[in-house]
Each structure stands twice: as C-alpha cells, then as structure tokens.
Amino acid sequence: MGLPEVWSLVHRFNSFKRTNIILQHLRMSNHTDAAGEVLLERRGCAGVITLNRPKSLNALNLNMIRQIYPQLKNWEQDPETFLIIIKGAGGKAFCSGGDIRELSEARNANQKVTQDLFREEYTLNYAIGSCQKPYVALIHGITMGGGVGLSVHGQFRVATEKSLFAMPETAIGLFPDVGGGYFLPRLQGKLGYFLALTGFRLKGRDVYKAGIATHFVDSEKLDMLEEDLLALKSPSKENVTDVLEAYHTKSKTDQGKSFILEEHMDKINSCFSANTVEEIIENLQQDGSSFALEQLKVINKMSPTSLKITLRQLIEGSSKTLQEVLIMEYRLSQACMGGHDFHEGVMAVLIDKDQSPKWKPANLKEVTDEDVNNYFKSLGSNDLKL
C-alpha cells in the first residue's frame, strides 16, 4: 500500500471518528436538554426539585414527570432524606401548567402520549398527596393547572406576592384536573366551584387566604427560607412548620389587606350553590349586581360541555378520596381528548390566538345528561391504577 492510500485511510478513519464524536455529542446534548428540564439535587437534609423550563414558564411535560416521579419515590424511602422541596426556575413561574400544545399535537399525530401523560401525571399527583416526607412547594410566580397538581396536594405550599393561581381549563374545553375535583370543593363555601367554572385568578397573599397556599412569604426572603430549611438537621414535620411559620409571621406585604373576594363571598356561596350550571346562571342573572353580571359574561365564553362536566366533577369529588377523584378525572381526561372542544380551545387560545373557539355543542341546552354521563364512564382495564 502506497503513501497516498495510507493517507486516504487515515483521513477516512479520522472523518469517521469525528462523525462519531459529533453524533455522540448530539446524543448527549439531546439527553442533557431533556434531563435539564428538571434539576434533581440532594442538598443538606433535602431532595430539591427545580422545574427548569423558564422560557416555557416551566410548563410540565411527560419527560419531566418521568424524571420527578421515580426520584420522589426514592427520596421518600431514603433514610437520609428528611424533606422534599420543589420550585421553579426563572422567577416568573413555578409551573404555568401542563404543556397542552404538546398534548393537542400528540392527538393529531395519533400518538399514545395523551394516555401516558395523564396517567403518569395523576400518578405523580397521588404520590405527592401520599408522600410520607414533608413536601414544600415554593409556588412563586404563575401556578396554574399542572403546576397546581405539583403543589396543592403536598403538606406545605408557600406563596409570595408574585404568586398567580388559576384553574382556567373550562376556557380550553377541559376541566380543572390534577385533583381539582378533590381540593376545590374543600375550599371555603363555594369558592372552589367559583374558581373552577370561571377560571378567576388569585394573586399574592390571596392565594394563601383562599386556602391554596399554607404560608405566605415575601419573595425577597424566599432564598433565605430555602437555606434555613436546608440547614435543618434531620427535620421533622414540626421543625419544617416552625421555620415556615417564622417567615410567614414576619412577612408584611399586603398583611392588612382583606381577601379580594371577601365582599363577594355571600354572592358566590348563594349563586354557586346549585346542582346545575343553568341554575347557577339563573342565580347570577337574578342577583344582577355588577360582580354577578361580570361572572355571567365570563361563564358564557366557556365550553358548555366543560362547564357541565366540571360542576359534576366537583359535586362528586366533594365526597371522594384523592385516589378516587384522580381515577374519575383520568376517565374525564380521555373523553376530553377524544372530543372536539379541547382541541378547538387550544387552537383558539394558543395557536390561532383569536380567543374565539367554536364549541360543539355550542350551548348548554344541547349538552344532555347522557352526554355528561359518557364522560364519567369506566374505562375498564384501561382505568387509572393507583
């Protein structure tokens, strides 16, 4: 073999090697990007979960769920881990909700993702609700939908003046899931029914006053609070409570301000104490106040099907366990994925952004009891197993 042939072989080998190195790097980059969507760390006495998609307001996707769940279970069993903290990166959001665009696209591509995502997300919600270790969610910034599911079932939820809570699902043809059927009807009076049907947004200390958060802390003290929690040695639930209470007591932002819905709670309790959406609408019309008429305007924009299944979800959920509620909601989720309104709602709100969804059926009269019953039907062997 002459020198030119040798050089040719060397060149081809080097090209092959470079190509392999590049491909390996790309594979590692893809893995790092996917893994980087959630940061899982052991710090001090605690396992710390950081939702790390700040550009997407930490929207929750299936990859993130699949990283959080096994680590949560590991930490729960680990004798050296005494506490679990979950927070969002970027300062704007804890978690803005599930990645609903991904869900809608998955349905259009006829993928199994819609089944897997809801099944695994609700399994995670249940794991949080039944976790034997103190679980502290720092719900700083936007906390909606899937973000509520990652926080509200845990023992401790810490809001700041920048917290923004909402369950806006009826506006996109869905229902307030992730255990909404469990925690919403257990809020004061009919507040949860009002929040679920209207998607009303609560901000700052009101998230605490509504009972969504267990504590309120000024955002400038949030890092210090986290450090003090991490500095605890073998903490018990009582130790964690003491630290949170100390910060809560010292937080001055909006301390003397009354709950934003305080003056309307009598109206909310009377108008939303009905067994049908039609009766709620009639109550609001009869009330006739500017507040009632404003809520009427909001409700009339929502998916009629979503409104009806949501009200029934909350009524039934009020006497169910979290486990039973999540099984019920899994049935509802799969029925919604197979229906018209969710995909229409996502198109109108996120893609076309015209905010004018064409609901089918278009009004409450056309949504029959039989239609609603079909959403609650057992899925047999495909039901959620918890």
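It should be noted that the structure appears before, not after, this text.
Presented here is an overview of the structure given in this document. Here the structure is a predicted model, which means the values were calculated and not measured.

Re the overall build of the protein
Part 1 of the argument: The helix and strand inventory of the protein stands at 17 helices and ten strands.
Part 2 of the argument: A total of 386 residues make up the protein; the buried ones form 50% of that total.
Part 3 of the argument: Contacts in the protein between residues far apart in sequence, at least 24 positions, make up 75% of those at least 6 positions apart.
Part 4 of the argument: Carbon and sulfur atoms form 51% of the exposed surface of the protein, whose accessible area is close to 18100 Å².

A closer look at the sheet that holds strand β4 (residues 93–95)
Part 1 of the argument: Read across the open sheet, the four strands follow the order β4-β6-β8-β9; overall the sheet is mixed. Unpaired on one side and paired on the other, β4 and β9 (202–203) mark the two borders of the sheet.
Part 2 of the argument: Bridge count for strand β6 (residues 142–144) against strand β8 (residues 164–166) is three bridges, and the pairing is parallel. Among the inter-strand pairings, T143 is bridged to a residue of β8, identified as F165.

A look at the packing of helix α9 (residues 222–230) against helix α10 (residues 237–250)
Part 1 of the argument: α10 packs onto α9 with a crossing angle of 160° between their chain directions and a minimal axis gap of 10 Å. As judged from the angle between their axes, α9 and α10 are roughly antiparallel. Both α9 and α10 take part in a crossing whose hand is right-handed. Contact residues: α9 offers M224, L225, D228 and L229, while α10 offers V240, V243, L244 and Y247.

A word on the packing of helix α12 (residues 277–287) against helix α13 (residues 290–299)
Part 1 of the argument: It is the contact of α12 with α13, at a shortest axis distance of 8 Å, that shows an interaxial angle of 145°. At the point where α12 passes α13, the crossing takes the left-handed sense. The residues of α13 that touch α12, namely those facing I281, L284, Q285 and D287, are A292, Q295, L296 and I299.
Part 2 of the argument: Of the residues contributing to the contact of α12 with α13, the split by class is five nonpolar, two polar and one charged.

Quick notes on the packing of aromatic side chains
Part 1 of the argument: The final tally for this structure, using the stated rule, is four aromatic pairs.
Part 2 of the argument: Centroid distance F118 to Y122: 5.8 Å. Interplanar angle 70°. Geometry classified as edge-to-face. With F118 and Y122 both in helix α4 (residues 113–129) and four residues apart, the pair spans about one turn of that helix. The residues F118 and Y122 share a single accessibility class, namely buried.
Part 3 of the argument: Between F194 and F291, the ring centres sit 5.9 Å apart and the planes meet at 35°, which makes this aromatic pair tilted. Remark: F291 occurs in helix α13 and F194 occurs in helix α7 (residues 191–198); sequence separation between them is 97 residues.
Part 4 of the argument: For F194, a relative accessible area of 0% gives the class buried.
Part 5 of the argument: The exposure class assigned to F291 is buried, which follows from its relative accessible area of 12%.
Part 6 of the argument: Its guanidinium or amino end placed over the ring of Y182, R186 lies 4.0 Å from that ring's centre, counting from NZ or CZ.

Observations regarding the pattern of salt bridges
Part 1 of the argument: Per the counting criterion, the structure on display carries 15 salt bridges.
Part 2 of the argument: Between D99 and R53 there is a salt bridge, with the nearest N and O atoms lying 3.3 Å from each other. Of this pair, D99 sits in the loop between β4 and α3 (100–108) while R53 sits in the loop between β2 (46–51) and α2 (62–77); the two residues are 46 residues apart in sequence, bridging distant segments of the chain.
Part 3 of the argument: On the basis of relative accessibility, which here comes to 15%, the residue R53 falls in the buried class.
Part 4 of the argument: The salt bridge partner of E316 is R312, with a shortest N-O separation of 2.8 Å. In this pair, E316 and R312 are both assigned in helix α14 (residues 304–317), four residues apart and thus about one turn of the helix distant.
Part 5 of the argument: Using a relative accessible area of 26% as the deciding quantity, one classes R312 as partly exposed.
Part 6 of the argument: Sharing partners across several salt bridges, the network here consists of R43, K87, E226 and E227.

Cut-offs used in this document
Residues numbered from 1 in each chain as written. Predicted model: local features only at pLDDT ≥ 70, side-chain atom pairs only at ≥ 80, totals over all residues. Heavy atoms only, no water. Helix = DSSP H or I, 4+ residues; strand = E, 2+ residues; numbered from the N terminus. Buried < 20%, exposed > 50% of the residue type's maximum accessible area, 1.4 Å probe, protein only. Contact = heavy atoms within 4.5 Å. Areas by Shrake-Rupley, 256 points an atom, 1.4 Å probe, with all protein chains shown as cover. Pairing = 2+ DSSP bridges. Axes fitted to C-alpha atoms, helices over the stretch in contact; angles between N-to-C directions. Parallel < 35°, antiparallel > 145°, perpendicular 65-115°, else oblique. Left-handed = near helix turned anticlockwise from the far one by under 90°. Nonpolar A, V, L, I, M, F, W, Y, C, P; charged D, E, K, R; others polar. Phe/Tyr/Trp six-rings, centres within 6.5 Å; stacked < 30°, edge-to-face > 60°. Lys NZ or Arg CZ within 6 Å of the ring centre and 35° of its normal. Salt bridge = Lys/Arg side-chain N within 4 Å of Asp/Glu carboxyl O.

Geometric descriptors of this kind do not, in isolation, establish any biological role.
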